[in-house]
Amino acid sequence: EPEVTQTPSHQVTQMGQEVILRCVPISNHLYFYWYRQILGQKVEFLVSFYNNEISEKSEIFDDQFSVERPDGSNFTLKIRSTKLEDSAMYFCASSLSRDRVSQPQHFGDGTRLSIL
Amino acid sequence: AQSVAQPEDQVNVAEGNPLTVKCTYSVSGNPYLFWYVQYPNRGLQFLLKYITGDNLVKGSYGFEAEFNKSQTSFHLKKPSALVSDSALYFCAVRDSKSGGSYIPTFGRGTSLIVHP
């Protein structure tokens, strides 16, 4: 079964540095998402992306964050100037569509981001 | 606004016994409901969904869930638990109402521990 893949599995970064998290969604999927999960807490939506633009974003997704689909296969999340509170597991997900007969999202295994 | 509640942080059950993981929701329209499972250091895996139709939904690994509109609940069940079912379980809801968010809201998760 096709999978969403994320790299790296663990990223350690100094506070204030930029970090890019990478994802390869399932190839025929059209909608892409980033979520984060702070240790022991619930999964929080960050942003969704369709047709090369952001379709929805949460209040967590402020100006420090950006997303890009640079080459038709990768989907990246950039955090410009990391803060300690950005430490979390970041999950990428993709879905075939977002229509009313809802398709489930397929998640990658996540990137654990540790800010020092 | 849509919301979902998982009232139990942890559920303990003996192997071979039936299990129930509870979920209640709130939406303004009709709900789309999902259950996901998360194993350690892995992403969320889709288990089952309710969109419309039969209130009893069957999913992966022998799990099922019952949609109860009057109680606004979507409890996850399995007749006979396995030790390998031990994981974190997330309920999610999306409002089917036109113009609403396409993004599901996740619960805080319930840790299921199945004892040998």
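Along each chain, numbering runs from 1 in the same order as the chain's sequence is written. Here the convention is simple: chains get letters from A, ligands get numbers from 1, in the order in which they are written. Given that the model is predicted, a residue must reach a pLDDT of at least 70 before its local features are reported, and side-chain atom pairs must reach 80 or more before they are shown or counted; all residues, however, enter totals for whole chains, interfaces and linings. Values reported for side chains reflect all heavy atoms of the structure, with hydrogen atoms and water molecules removed beforehand.

For chain A, the count of helices and strands is zero helices and eleven strands. Numbering of helices and strands runs from the N terminus; a helix is a DSSP stretch of H or I covering at least four residues, while a strand is a stretch of E covering at least two. N-terminal to C-terminal, the α/β element order of chain A is β-β-β-β-β-β-β-β-β-β-β. The globule rule used here is 2.2 Å times the number of residues to the 0.38 power, and the radius of gyration it is set against is calculated over C-alpha atoms. Radius of gyration (C-alpha) of chain A: 13 Å, near the 13 Å computed for a compact globule of 116 residues. Principal-axis analysis of the C-alpha atoms gives chain A an extent of 40 × 30 × 30 Å. For every residue, the accessible area (1.4 Å probe, protein chains only) is compared with the maximum for its type, and the residue is labelled buried under 20%, exposed over 50%, or partly exposed between those bounds. Within chain A, the proportion of its 116 residues that are buried is 46%. Nonlocal contacts in chain A, meaning residues at least 24 apart in sequence, comprise 56% of its contacts between residues at least 6 apart. Summed over its atoms, the accessible surface of chain A is roughly 5,800 Å², and 46% of this surface lies on carbon and sulfur atoms. The positive count covers Lys and Arg only, the negative count covers Asp and Glu only, and His and the chain ends enter neither. In plain terms, the charge of a residue is placed at NZ if it is Lys, CZ if Arg, CG if Asp and CD if Glu. With 11 positive and 15 negative side-chain charges, chain A shows a spacing of 2 Å between the two charge centroids. By definition in these notes, contact holds between two residues if any of their heavy atoms fall within 4.5 Å. Here the open area of atoms and residues is found with the Shrake-Rupley method and a 1.4 Å probe, where only the protein chains shown may cover a residue.

With respect to the secondary-structure elements, B:S73 resides in strand 9 (residues 73-78). Among all residues touching B:S73, those that are not within four sequence positions of it are B:C23, B:T24, B:Y25, B:E66, B:F67 and B:N68.

For interface size, the figure often reported is the accessible area lost on association. On the side of chain B, 27 residues touch chain A, which itself brings 21 residues to the contact. A quick way to say it: buried area is the sum, across both parts, of accessible area lost when two parts are put together, with a 1.4 Å probe. Taking both partners together, chain A and chain B bury about 2,100 Å²; carbon and sulfur atoms supply 51% of that area. The salt bridge definition used is simple: a Lys or Arg side-chain nitrogen within 4 Å of an Asp or Glu carboxyl oxygen. Note that B:R42 is salt-bridged to A:D109, the shortest N-O span being 2.9 Å. In the analysis that follows, any N or O atom pair within 3.5 Å is treated as a polar contact, provided that within protein one partner can donate a hydrogen and the other can accept it, and provided that, for residues neighboring in sequence, both atoms belong to side chains. Here chain A is connected to chain B by four residue pairs in polar contact (both at pLDDT 80 or more). Sorting the residues of the side of chain A that touches chain B by element identifies strand 4 (31-37) and strand 5 (43-50) of chain A as the ones contributing at least two each.

Attention now goes to the pattern of salt bridges. Residues and elements named next belong to chain A. The tally for this structure, following the rule as stated, stands at five salt bridges over all chains. Note that E44 is salt-bridged to R36, the shortest N-O span being 3.0 Å. When its relative accessible area of 21% is taken as the criterion, E44 is described as partly exposed.

To continue, consider the confidence of the model for chain A. On average, residues of chain A score 90 in pLDDT, and 94% of them reach the 70 mark or higher. Within a predicted model, pLDDT stands for the predictor's per-residue confidence, ranging from 0 to 100. Mean pLDDT in chain A bottoms out at strand 10 (residues 106-107) of chain A, which sits at 90, and peaks at strand 8 (residues 75-79) of chain A, which reaches 97.

Centres within 6.5 Å make a pair out of two Phe, Tyr or Trp rings, where for Trp the six-membered ring is used; the pair is then stacked when the planes are under 30 degrees apart, edge-to-face when over 60, and tilted otherwise. As enumerated under the stated definition, the model contains 19 aromatic pairs over all chains in all. Their ring planes at 80 degrees and their centres at 5.5 Å tell us that A:F107 and B:Y36 sit as a pair that is edge-to-face. With A:F107 in strand 10 and B:Y36 in strand 5 (residues 31-38), this residue pair bridges two chains. Under the relative-accessibility criterion, B:Y36 is labelled buried at 2%. Aromatic side chains B:Y50 and B:F74 sit 6.5 Å apart centroid to centroid with 55 degrees between the ring planes, which places their arrangement in the tilted category. Here the residue B:Y50 occupies a position in strand 6 (residues 44-50), and B:F74 occupies one in strand 9, the gap between them amounting to 24 residues. In this structure, B:Y50 and B:F74 share a single accessibility class: buried. Pairwise contacts between aromatic rings join A:Y33, A:Y35, A:F45, A:F91, A:F107, B:F34, B:Y36, B:F46 and B:F106 into one cluster.

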